[in-house]
Amino acid sequence: MIHRIALIAAVLLGVSPFLSGQRLLEPRELHERVAQGLNLILLQEYARADSVFKDVTIRYPETPVGYLFRIAVLQAKALDYEEILEQYELEPLFVQAQTHIDEVLRLDSHDAWGHYFAGTLHIYDSFARVQRGDWFGGVTKALSAVSSFRNALEYDSSLTDSYAGIGTYLYWKSKRTEFLHWLPFVSDDREEGIQYLRRCALRGEYNKYVAINSLIIVFLEEGKYEEANRYADTVLGLYPRNRSFLWGKATALDRMGDPKRAADAYKRLLNEILSDSIANRYNELVCRLNLSKNLFHLGRLDEAEGHLKVVSAMNVNSFKRHLRSRAKLKIEEAQTLLQNR
C-alpha cells in the first residue's frame with residue numbers, strides 16, 4: 001500500500017517515481033506495523049492508531065519508535081480537533097522516548113536512526129511548547145531538531161524523512177524574517193525549504209504526508225493556490241475523508257476565487273465534520289461561515305442564510321476556553337452578514 005501511494009503521488013506531482021527512497025525501519029515487521037499505524041492516523045482512527053503503536057512499544061522495547069509515534073497520534077488528534085495538549089499527557093511518552101534515544105546514541109554516537117529519532121522528538125517538543133505559548137522554547141527545540149536531522153543525513157543520506165523537519169524550519173524561519181532579507185547576513189531560504197519538503201513528499205516514507213501538509217500550508221501562504229490544491233488531491237485520492245487535507249483543498253479553491261468548487265469542497269468537509277463521532281463545533285462554525293460566503297457568490301441566498309443562522313445561534317461559552325475569542329469574532333461576522341443580506 002505504501003509503495004502504491006508513493007507511485008500515485010509521484011505521477012500526480014509529475015516527477016519520476018523511480019528515484020531512491022527512504023531507508024526503512026528494521027526488521028520488516030516493525031516497518032509494517034508503523035505503516036499500519038500511520039495509515040490509521042490518515043484515516044483519523046486515532047484510538048486504533050495508538051493501539052498499534054502501543055503494541056510496538058511492547059514488541060520492540062529497545063527502540064523509541066512506538067513512543068514517538070504515540071506522541072504523533074496525540075498531536076495529530078489535537079490539530080484535527082483544535083485541542084491544546086496538556087503536559088501531563090505527553091510527559092511520560094517524552095521521557096520514555098528520550099531514554100531510548102539516549103541509549104541508542106550511547107551505543108553508537110554516529111547512529112543515523114538515533115539522530116533522526118532525536119530530531120523527531122525535538123520537533124514534537126517544539127510543537128507542544130508553541131501550543132502552550134512558549135515560543136522561545138519552541139524555536140530552540142526546532143533548531144535542535146534541524147541539527148539532529150542534518151546529523152542523520154550526514155551519517156545516512158537515505159533518511160529522506162529528515163527533509164520534512166529541515167524544510168519546514170527553513171521556510172518559516174525565512175518567512176518570519178523576510179523584512180530583514182535586504183541585510184547581507186540574513187538569507188532567504190524559503191525556496192530551499194520548499195525543495196526539502198518536495199523531496200520528502202516524493203521519497204519519504206514516514207513523513208511523506210507531514211511534508212505534503214506542510215507544502216499545502218506553504219503554497220497557501222505563497223499564493224500558489226493551484227499547487228496547494230494539487231498536493232491536497234494527491235492525498236484525498238487515497239484518503240477522501242481526511243479533514244486536514246479537505247481544509248487545504250477548500251481553502252485553496254476559495255482563495256482561487258472559484259466559488260462553485262470551493263462551496264463543493266466546504267460541503268464535503270462539513271459532512272465529514274458533522275458525521276464524526278466527536279463533535280467539533282469550532283471547525284463546524286468556520287466551515288459553515290466560509291461555505292455561506294461562497295454560496296452568496298453563487299446567488300444561492302437561502303442556502304447561505306441557513307448556514308449563517310446556525311452559526312449565529314451558537315453560544316460562545318459552549319466553546320473551549322482557548323477558542324472563545326476566535327469563535328466570538330466568527331459568530332459576529334455571521335450575524336453581520338445576515339443583517340446585510
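Heads up: the structure comes first, above all this text.
Visitor: Help me get a handle on the pattern of salt bridges, residues and values and all.
Guide: Counted under the stated rule, the structure contains 29 salt bridges. The residue D80 makes a salt bridge to R243 at a minimum N-O spacing of 2.6 Å. Within this pair, whereas D80 is found in helix α4 (residues 65-80), its partner R243 is found in helix α12 (residues 243-255), the two being separated by 163 residues in sequence. R243 shares its class with D80; the two are buried.

Visitor: How would you explain the side chain of E284 if you had to name every residue and give the values?
Guide: With respect to the helices and strands, the residue E284 is situated in helix α14 (residues 281-297). Excluding its chain neighbours within four sequence positions, the residues that come into contact with E284 are L270, I273, L274, V310 and M314.

Visitor: Which residues make up the packing of α4 against helix α5 (residues 87-107), and what values do they have?
Guide: Running from amino to carboxyl end, α4 crosses α5 at an angle of 150 degrees, the nearest separation of the two axes being 8 Å. It follows from the interaxial angle that α4 and α5 lie roughly antiparallel. Both α4 and α5 take part in a crossing whose hand is left-handed. Of α5, the residues touching α4 (which contributes Y67, L68, R70, I71, L74 and Q75) are E89, L90, L93, F94, Q96, A97 and H100. Residues of the contact of α4 with α5, tallied by class, amount to eight nonpolar, three polar and two charged.

Calculation criteria
The residue numbers shown here count from 1 along each chain, following its written sequence. Local features in a predicted model are, by the rule used here, given only for residues with pLDDT of at least 70; side-chain atom pairs are given and counted only at 80 or more, and totals for whole chains, interfaces and linings are based on all residues. As a convention, hydrogens and water are excluded, and side-chain values are obtained from all of the structure's heavy atoms. For salt bridges, the criterion is a side-chain nitrogen of Lys or Arg within 4 Å of an Asp or Glu carboxyl oxygen. By definition, any uninterrupted DSSP run of H or I lasting at least four residues is a helix, any uninterrupted run of E lasting at least two residues is a strand, and each is numbered from the N terminus. Exposed residues in this analysis have more than 50% of their type's maximum accessible area, buried residues have under 20%, and partly exposed residues fall in between, with area computed by a 1.4 Å probe over protein chains only. Contact definition: two residues touch when any of their heavy atoms are within 4.5 Å. Axes, fitted as lines to C-alpha atoms, cover a helix only where it is in contact. Angles between the N-to-C directions of the axes lie from 0 to 180 degrees. Angular relationships are summarised with four words: roughly parallel below 35 degrees, roughly antiparallel beyond 145, roughly perpendicular across 65 to 115, and oblique for the angles in between. Crossings are classed by handedness, with left-handed meaning an anticlockwise turn of the near helix from the far one by less than a right angle and right-handed meaning a clockwise turn. The nonpolar class holds Ala, Val, Leu, Ile, Met, Phe, Trp, Tyr, Cys and Pro. Asp, Glu, Lys and Arg form the charged class, and all remaining residues, Gly among them, are polar.

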